[in-house]
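# Inside the fold
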Amino acid sequence: MRTQTTEPPRTVETAGPPSGGPAARARRTERAKDWARRAPLLPALVFLIIVTQLPFLATVVISFVRWNALAPDNRGFAAFDNYRAVVTDPAMRESVVTTVVLTVTVVLVSLLLGLGLALLLDRGFRGRGLVRTLLITPFLVVPVASALLWKHALYNASYGLLNGSLTWIWGLFGSDDPPQPDWMTDSPLAAVEVSLIWQWTPFMMLILLAGLQSRPTDAVEAARMDGASTFDIFRYLTLPHLRRYLELAALLGTVYVVQNFDAVFTITSGGLGTANLPYTIYQTFYQAHDYGRASAQGVVVVLCSLLVATFALRAVSSLLREEATR
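Residues numbered from 1 in each chain as written. Predicted model: local features only at pLDDT ≥ 70, side-chain atom pairs only at ≥ 80, totals over all residues. Heavy atoms only, no water.

## As for the overall build of the chain
Looking only at helices and strands, the chain has 15 helices and two strands in total. Relative to the globule expectation of 20 Å for 326 residues, the C-alpha radius of gyration of the chain, 31 Å, shows a markedly less compact shape. With the C-alpha coordinates of the chain rotated into their principal frame, the extents come out at 145 × 80 × 30 Å. By sequence separation, contacts in the chain at least 24 residues apart represent 68% of the contacts at least 6 residues apart. Taken as a whole, the chain presents about 20800 Å² of accessible surface, with 66% of it coming from carbon and sulfur. Treating the 27 positive side-chain charges of the chain as one cloud and the 23 negative ones as another, the clouds have centres 14 Å apart. (Helix = DSSP H or I, 4+ residues; strand = E, 2+ residues; numbered from the N terminus. Rg over C-alpha atoms; globule rule 2.2 N^0.38 Å. Contact = heavy atoms within 4.5 Å. Areas by Shrake-Rupley, 256 points an atom, 1.4 Å probe, with all protein chains shown as cover. Lys, Arg positive; Asp, Glu negative; His and termini not counted. Charge placed at Lys NZ, Arg CZ, Asp CG, Glu CD.)

So this is what it looks like as structure tokens:
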């Protein structure tokens, strides 16, 4: 007679809480909210990628190609030949020096003038709003219009305002032979620099004025009560407080002035030693029709600009962190 043995029921072990628990549902809800907040930004992100990143990738690809429209049969993969030609090109080296001199001069002088104007506008006086609006106006002028204004209305040797003012001043003293310099020929690089300083000083002024208005007033009042002079307050309180703003203004100004093309093209057409990097790229692309080398030059300029922009972003981040901790 057989005896049947019954096995005990098997138990299924679970490794953790069910997937549909409250914690999992909360995480899914939070992710859905995050995507709902980001979804309106996706079209702008896609547009930004199409407009900026895809052309840059195409430029990088072309920079490794031997492509000159004047020699259509000699086209092919050039490896690093275009970059080697960019490094060894004397005209490129001269344009680098010109770009550095132009950028450093414009940024430093604009910073100093902007700091002086910001200190003046930080004081209360009648008509300050009107004066501030008038000082901001040069920055709002279209760059090409600004360059044309300086070229024809101010620098022109025949009917420009500068030579007309010299004629009027010399006439006050009874002289009929006033100096009539040709500003764009005698000092071409200085002519470009002055026009850019006029345009970028309001930008520096706005950033530094924002820094002055965020200065803690209690420390300034306490220093005045202790007998500190105006210069001491500026040296020991105002200037250290403006350090981040000065760095930010200098870095942002450098990024923009390095890429300036309008003033050089309009005022001097790149002649007489005023050809900077953007104008040199223009000459290589549109005049020499060497698309591969022009693309390599553009990539080098973009990389240098990104290096400066990285420092600018770090300055902005540190400035925002300082403001958040107050």
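## What about unusual backbone geometry?
Its identity as a non-glycine residue notwithstanding, Leu272 has a phi of 60°, on the positive side. Among the structural elements, Leu272 can be located in the loop between helix H13 (262-268) and helix H14 (277-287). Of note, the phi angle at His289 is positive, near 60°, even though the residue is not glycine. With respect to the secondary-structure elements, His289 resides in the loop between H14 and helix H15 (291-324).

## Examining helix H12 (residues 243-258)
If you check H12, its first and last C-alpha atoms are 22 Å apart, about what 16 residues at 1.5 Å a residue would give, namely 22 Å. Along H12, the positions that sit buried rather than exposed are Tyr245, Leu248, Ala249, Ala250, Gly253, Val255, Val257 and Val258. (Expected span 1.5 Å × (residues − 1). Buried < 20%, exposed > 50% of the residue type's maximum accessible area, 1.4 Å probe, protein only.)

## Description of the side chain of Thr103
The topology assignment puts Thr103 in helix H4 (residues 90-121). Taking the relative accessible area as the measure of exposure, Thr103 reaches 6% and is therefore buried. If we skip the residues at most four places from it in the chain, Thr103 touches Thr254, Val257 and Val258.

## Some remarks on the packing of aromatic side chains
Across all of its chains, the model carries 20 aromatic pairs by this definition. With a centroid separation of 6.0 Å and 20° between ring planes, the pair formed by Phe261 and Tyr279 is classed as stacked. Taken together, the residues Phe261 in the loop between H12 and H13 and Tyr279 in helix H14 connect sequence positions 18 residues apart. Through successive ring pairs, a cluster of aromatic residues spans Trp67, Phe261, Phe265, Tyr279, Tyr282, Phe285, Tyr286 and Tyr291. (Phe/Tyr/Trp six-rings, centres within 6.5 Å; stacked < 30°, edge-to-face > 60°.)

## Focus on the packing of H4 against helix H9 (residues 188-213)
At a minimum axis distance of 6 Å, the contact between H4 and H9 shows a crossing angle of 45°. Between H4 and H9, the angle falls in the class oblique. Crossing angle aside, the handedness with which H4 passes H9 is right-handed. Residues of the contact of H4 with H9, tallied by class, amount to 22 nonpolar, five polar and one charged. (Axes fitted to C-alpha atoms, helices over the stretch in contact; angles between N-to-C directions. Parallel < 35°, antiparallel > 145°, perpendicular 65-115°, else oblique. Left-handed = near helix turned anticlockwise from the far one by under 90°. Nonpolar A, V, L, I, M, F, W, Y, C, P; charged D, E, K, R; others polar.)

## Quick word on the environment of Val100
Relative to the elements of secondary structure, Val100 occurs in helix H4. Residue Val100 is classed as partly exposed on the basis of its relative accessible area, which comes to 46%. Along the backbone, Val100 and Val299 are 199 residues apart, and their C-alpha atoms lie at a distance of 18 Å.

## A word on the packing of helix H6 (residues 143-154) against H9
Contact pair H6 / H9: the axes reach a minimum separation of 10 Å and the direction vectors enclose 130°. What the angle tells us is that H6 and H9 run oblique. Between H6 and H9 lies a crossing of right-handed hand. Note on element contacts: H9 touches H6 through Val194, Ser195, Trp198 and Gln199, opposite Pro143, Ser146, Leu149 and Trp150. Split into classes, the residues belonging to the contact of H6 with H9 amount to five nonpolar, three polar and no charged.

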